[in-house]
Amino acid sequence: MAAITVLLRSLLLLLVLIINFRESTAQKIVHFRDDETVIPIGRSVYYYKDESTALSLEDVRTGPVARQFQRSETSWPHFGTTRAAIWLRFTVVNHTPSACVLEIAEPGLQHVQLFAPTANGGYEGHTFGLLHPMSARPIKNNYFLYRLAGAGDSTQHTFYLRIKTDVNLDVPMTISSFKGILDAQRARNLSFGFLCGLLVIMTFSCLITYFIVHERCYLYYALHLFSVLVFIDILYIGSGFEYLWPETPWINQYPMLFGGISSFLILLFSSSFLQSATYMPRLHRGLRVFYILLALSGVLFLMGAPLIGNAVMQLVALLVTPYLVAMGVKAYRQQYPQAGIFIAALSFFLTAVLVFLLYINGVLPPGFYTRSSFMIGAIGQSVLLAFGLAGKIDLLKQQKEQAQAEMLNVMKRQNIELERLVVERTQELISQNEEIAAQNEEISSQVEELTTQQEQIELQNQELQQNNQALHDARKTVEKQHDLLQHHTEELEKQISARTEELLVTNTELLDQNKQLEQFAFIVAHNLRSPVARLLGLTNLAKLVDPHGNEVEVVLQKVAESGKELDTVIHDLSNILEIRNGKDKQFETVSLTVRLASACMSLKEEINTNHARITQDLSAADALYTISPYIESILYNLISNAIKYRHPDRIPVISIRTTVVEGVVHLMVKDNGLGLDIQRHGDKLFHLYQRFHRDGEGRGIGLYLVKTQVEAIGAHISMQSTPQKGSEFTIVFDNVPVPPASRPVPTALVRASGIVPNAKPG
C-alpha cells in the first residue's frame, strides 16, 4: 500500500512538472474579448535582441533563434539605447465582432517592420517608421496602427515585429477596436496639445516682448521653446510629421539635434539673462566648453554616429544644468532678484533629466512619467523661466524709471548751471556793446578817409581796365596760337601712336616668324640628318663589303630606302614652303560639298576597306570664298587621320558639318576614334613631325599641314579630344561671308565618294 502511495505521488509530481514546463515554453496568447477596452500586451510579447542586425524573418522563425525568444516581464517593453535590432513575437485571437487593431504609441521609432501571416501560411511584410514616408504606414496616424484581425475572426494569428532605432527604444503596445484606440488617442493628444499649446503661447509672447524691449534673452528663450517643441513633437507626438512634412522623413532623422540646439540656446539665454559676461566672467568663459561639446555631438550625429553623439549629449545634459545652477546661485548672492526663479527652474529640469537618463539606461522602470520625464521637465522649466522673464520686465521697468529720475536730476542741475552762465554772458555782452560803440565812432572817421581813398582808387581802376582790355586782346591772340599748337601736337601724337602700334604688330609677327623658322630649321635639320647620316654610313659600309657578294644588294636596298625617306622629307618641306610662300594662292568661291566629295573619292579605298561611315550637314554654309586645293587637302588629312587612328572595337564614324555663329562660318570634323590626351599633348598638337600614337602609321606631318593651310586661308583651328572616345576639329573662317546660293553639287561625284549628303551626324 505504501509503495502504491509513493508511486501515485511520483506520478502526480511528474504531471505537475510537465504542466509547468508546457506553460513556461508555450507562447502566451492574447485573447481580445472586449472591444471597448484598450489592452496592454507587453507581458504577452516575446523578444530577441539581434546584435548583428542581419537576421531575417526565416532566421527568427526557425532554427535555434526561434527558441531563444524571451518573454517580456513588463507591460511596456523597454530596451534603452541600443545598436541591436529588436524582434518581437506575439499571438492574438479576436473574440469580438470588431476588428482588432494594434497600436504602438511611440512615434520616435525609426524603422519598424511588421510581418503578418497570410492565408497560404506565409508572411507579408510592412515597413514604416519615423524615417519612412507617412504614406508607407498601413493606417495614417501619428502613432503606429495595424489591423491584426478582422471582425469575428477567431483564428489564432502570430505576428513578428523588427524594430531598429538610434534613440531610446520603447515599445508601448496595446490592442483594441478602432473606436477604443481613437478614444485613447483623443485623451492622450488632448493633454499633449495642451502642453504644446502652452509652449506655443509662451514662444510668441517672448517674441513679442523681444520686439518691444529689444532684450536678446527673450529672443534666445523663444527660439529655445521652439526647438523644444520640435524635439518633443518628433519623439513623443508626431503631429508635425503627420500634417506638415508627411513625405519628407529626413527632417525626423536628427531629433537629438533639436535637443542640442535647445541646449545651445538655453546657454545663450542663461548668459544673457544673468549677464554673466559682466558679473561672473570666469563662469562665462567656462560656457565655451559646453558649446564645443554640443558642436561635437552635432557633428557625430551628422557623420552617422548617433549613439556616440547621444552619449555626448547626455554628458552635456548632466553637466550643464548644475553649472547653470551654480551661475544662478552666484547671481543670487550678488543681489540679482530673478536668479531665484532661474535656480528653481533649472533644478526642476535637472531632476527630470536625471529621471529620464536613469530610465533610458534601465535603472528606473518604464512608465508614462519616467518616459515623459524629459518633456515634463522641459515644460516645467519653461513655465518657471517664463515667470522669471516676466519679473525681468518689471526689473527693466524699475531700471528705466530709475534712469529717468536720474536724468531729471541731471537736467535740473544743468538748468541751474545754464542760468548762471546766461547771467555771466549777459554781463559780458553789455561790456562788449560799450566797446563796440566806441569802435563805431572810430570807424565813422575811418569811413570818411576811405571815401576819399575810394575816389582815388576809382581813377586808378579806370586806368587798370584800359590796361586789362589790352591784356585781354593779347591773351586771346596767345590762346589761338596755343590751340593751333595743341591741335598740331595731338595730330603728331596720333600719328606716332598709330606708327608705334604698326611697329609693335610687325615686331610681334617677326618674332613669331623667327620662332617658327627656328623650330622649322631645327626639325628640318633633325629629319634631314637622319637619312643623310644613314646614307653616309651605308656608303662607308659599301667600301668594306665584297662588291660581288650578297651584302652589296642589302646595302643598295638600304640606300634606296634612305634616299626615298630623304625624298619624302624634302617633298614634305617643299609643300610646307609652298604654303608659307603663298604659291598658287588663288581665292575663289568653293563648294564644300564638292571638295568633300573629291577628298572622299581620293580615300575611297581606305573608306571601303575600313567600312567607314561619313556623314555631312553643310546646309548652314556650303560655299566659301577661299583656296580650293587647301580646303580639299584639309578635309583629306582630317578624314585620313580619323581612319588611320580609328578605334579597333568600332566602325569609324566621321561627321562633317558647318554652322554660322555671328556671321562667321565654323567647319567641324568629328570622329569616334582613339582620341588623345589634350592635357598631355596639347602644346605639341600641330607641330611638325609629332606623332601621338606609336602603333599607327603616319609621319607626323598631317596636322602640321592642316594648321599651315588653315592659317594660309585666314582661319584658325582648334581641337577637342577624349581618349578612347574620339576627337573633334573646329575650323573658324574669320570674316568669310556666306554666299547667298551654293553651286549645284555633282550628284554622281557625291554618290561615288561614299558620303551621305546633308545628313545629320548620327
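Quantities reported herein were computed from a predicted structural model and do not represent experimental measurements.

A. Representation of the sheet that holds strand 7 (residues 100-104) in the model. The strand order 2-13-7-10 describes an open sheet built from 4 strands, whose pairing is antiparallel. Both outer strands of the open sheet, strand 2 (39-40) and strand 10 (144-149), are each paired with one neighbouring strand and no more. Looking at chain direction, strand 2 and strand 13 (residues 173-176) are connected through 2 bridges and run antiparallel. Among the inter-strand pairings, Ile39 is bridged to a residue of strand 13, identified as Ile175.

B. Spatial organisation of the confidence of the model for the protein chain. The pLDDT averaged across the protein chain works out to 78; a share of 80% of its residues lies at or above 70. In this model residues 1-6 is a low-confidence stretch, pLDDT under 50, and it forms 0 contacts with partners more than four residues away in sequence or in other chains. Low confidence marks residues 12-25, where pLDDT is under 50. Its contacts with residues over four positions away, or in another chain, come to 0 contacts.

C. Highlighting the packing of aromatic side chains. Under the defined criterion, the tally for this structure stands at 11 aromatic pairs. Ring geometry for Tyr48 against Phe69: centres 5.9 Å apart, planes inclined by 40 degrees, an arrangement best described as tilted. With Tyr48 in strand 3 (residues 46-50) and Phe69 in the loop between helix 2 (57-61) and strand 4 (70-71), this residue pair connects regions lying 21 residues apart in the sequence. The exposure classification of Tyr48 matches that of Phe69, with both residues buried. Ring centres of Tyr123 and Tyr160 lie 5.7 Å apart, and the angle between their planes is 75 degrees; this geometry places the pair in the edge-to-face category.

D. How the structure looks around the packing of helix 3 (residues 178-213) against helix 4 (residues 216-237). Direction vectors running N to C along helix 3 and helix 4 enclose 160 degrees, while the axes themselves pass 8 Å from each other. The pairing of helix 3 with helix 4 is recorded here as roughly antiparallel in orientation. By crossing handedness, the relation of helix 3 to helix 4 is classed as left-handed. From helix 3, Phe192, Cys196, Leu199, Val200, Met202, Thr203, Cys206, Leu207, Thr209, Tyr210 and Val213 reach across to helix 4, where they touch Arg216, Tyr218, Leu219, Tyr221, Ala222, Leu225, Phe226, Val228, Leu229, Ile232, Tyr236 and Ile237. For the contact of helix 3 with helix 4, the class distribution of residues is 20 nonpolar, 2 polar and 1 charged.

E. Just the environment of Val653, in detail. With respect to the helices, strands and loops of the structure, Val653 is situated in strand 17 (residues 653-661). C-alpha separation for the pair Val653 and Gly726, spaced 73 residues apart in sequence, amounts to 9.8 Å.

Scoring rules and cut-offs
- Residues numbered from 1 in each chain as written.
- Predicted model: local features only at pLDDT ≥ 70, side-chain atom pairs only at ≥ 80, totals over all residues.
- Heavy atoms only, no water.
- Pairing = 2+ DSSP bridges.
- Helix = DSSP H or I, 4+ residues; strand = E, 2+ residues; numbered from the N terminus.
- pLDDT = per-residue confidence, 0-100.
- Contact = heavy atoms within 4.5 Å.
- Phe/Tyr/Trp six-rings, centres within 6.5 Å; stacked < 30°, edge-to-face > 60°.
- Buried < 20%, exposed > 50% of the residue type's maximum accessible area, 1.4 Å probe, protein only.
- Axes fitted to C-alpha atoms, helices over the stretch in contact; angles between N-to-C directions.
- Parallel < 35°, antiparallel > 145°, perpendicular 65-115°, else oblique.
- Left-handed = near helix turned anticlockwise from the far one by under 90°.
- Nonpolar A, V, L, I, M, F, W, Y, C, P; charged D, E, K, R; others polar.

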